[in-house]
Amino acid sequence: MNIIIIIVIAAGVAFTLYAFMASTTETKEKKRKESSIFDLKQQVISLNVKIQNLEFDNSSQRTEMEKLSSELTAAKEDLNDSRENEGAIKEDLQNMRLAEDNLKSTLDTLRAENESLKDKLMEKENENKRLTDENKDFREKLKISPAQAPSSEMDTVKKNITDAIHNIEKKNIEDSQKNKETKIDKDTGSKDSL
């Protein structure tokens, strides 16, 4: 019976050892699995953080792209405005050049007219001088020449001649005055146009 007790004890010890070994193995496996699950959880958390960072970066990049796109659109609009302004400025410059050419042409015409008027004025002044000289000569002749007609007829003739001479002198003075005023108006007009 001792042997049976020893065998039962040995079997109990063996079973206990086996159970202990199995529980130790199971505990190690469980710890290894828990460690592996913990590592996986840490990796999931790390990946979630990376995903959030990437989403934030993606959002930042989208915002930056939208900003750059709006800046590009604004730059294109500015470029188009600049091109339109450049075209308008070129057109204005061309119009100014045409206006300048027209003004030069008008100025040349006015100068030619002014020269012509000066020549006409000189002619009128010369004619006026000639008529004045003739008038003086005629007056002197009237003073010197003896009366050939009766006194009353001679007075009438002298009066008519004197009136005619006064009318001619008056007309010459008026013509001279008009020519001078025309010259002054033309000179003033050409100076104003400059």
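Every chain is numbered on its own, with residues counted from 1 as its sequence reads. With the structure being a predicted model, the display of local features is reserved for residues of pLDDT at least 70 and the display and counting of side-chain atom pairs for 80 or more, all residues being used for whole-chain, interface and lining totals. In computing side-chain properties, one takes all heavy atoms of the structure into account and sets aside hydrogens as well as water.

Student: Give me the lowdown on the pattern of salt bridges, citing residues and values where you can.
Tutor: Any two side chains of opposite charge can pair, so long as their charged atoms come close to each other. When a carboxyl oxygen of Asp or Glu is within 4 Å of a side-chain nitrogen of Lys or Arg, the pair counts as a salt bridge. In this structure the tally under the stated criterion is four salt bridges. The salt bridge partner of K90 is E86, with a shortest N-O separation of 3.4 Å. Residue K90 and its partner E86 are located together in helix α1 (residues 2-144), separated by four residues, close to a single helical turn. Only protein chains enter the area calculation, which uses a 1.4 Å probe; residues under 20% of their type maximum are buried, those over 50% are exposed, and those in between are partly exposed. For K90, a relative accessible area of 54% puts it in the exposed group. A relative accessible area of 42% places E86 in the partly exposed class. With a shortest N-O distance of 3.6 Å, K104 and E100 are connected by a salt bridge. Within this pair, K104 and its partner E100 are both found in helix α1, separated by four residues, close to a single helical turn. The class for K104 is partly exposed, based on a relative accessible area of 47%. A helix here means a DSSP run of H or I that spans at least four residues, while a strand means a run of E at least two residues long, and both kinds are numbered starting from the N terminus.

Student: Which residues make up the layout of surface pockets, and what values do they have?
Tutor: Here a cavity denotes a set of grid points, spaced 1 Å apart and computed over the protein atoms alone, in which a 1.4 Å probe fits but from which it cannot get out, and a pocket denotes an open set meeting protein on both sides within 12 Å along at least five of seven lines; residues with an atom within 4 Å of a point are reported as lining. Grid points are joined across faces, edges and corners, and a volume is the space filled by probe spheres set on the points. Here the largest pocket is characterised by a volume of approximately 160 Å³. Around the largest pocket, the lining residues are N128, L131, T132, E134, N135, F138, I165, I168, E169, N172 and I173. Secondary structure elements with two or more residues in the lining of the largest pocket: α1 and α2 (151-193). Looking at which element gives the most residues to the lining of the largest pocket, the answer is α1, with six residues. Residue polarity follows a fixed list, in which Ala, Val, Leu, Ile, Met, Phe, Trp, Tyr, Cys and Pro are nonpolar, Asp, Glu, Lys and Arg are charged, and the others, Gly among them, are polar. Residue composition of the lining of the largest pocket, by class: five nonpolar, four polar and two charged.

Limitation: the analysis is restricted to geometry and does not speak to function.
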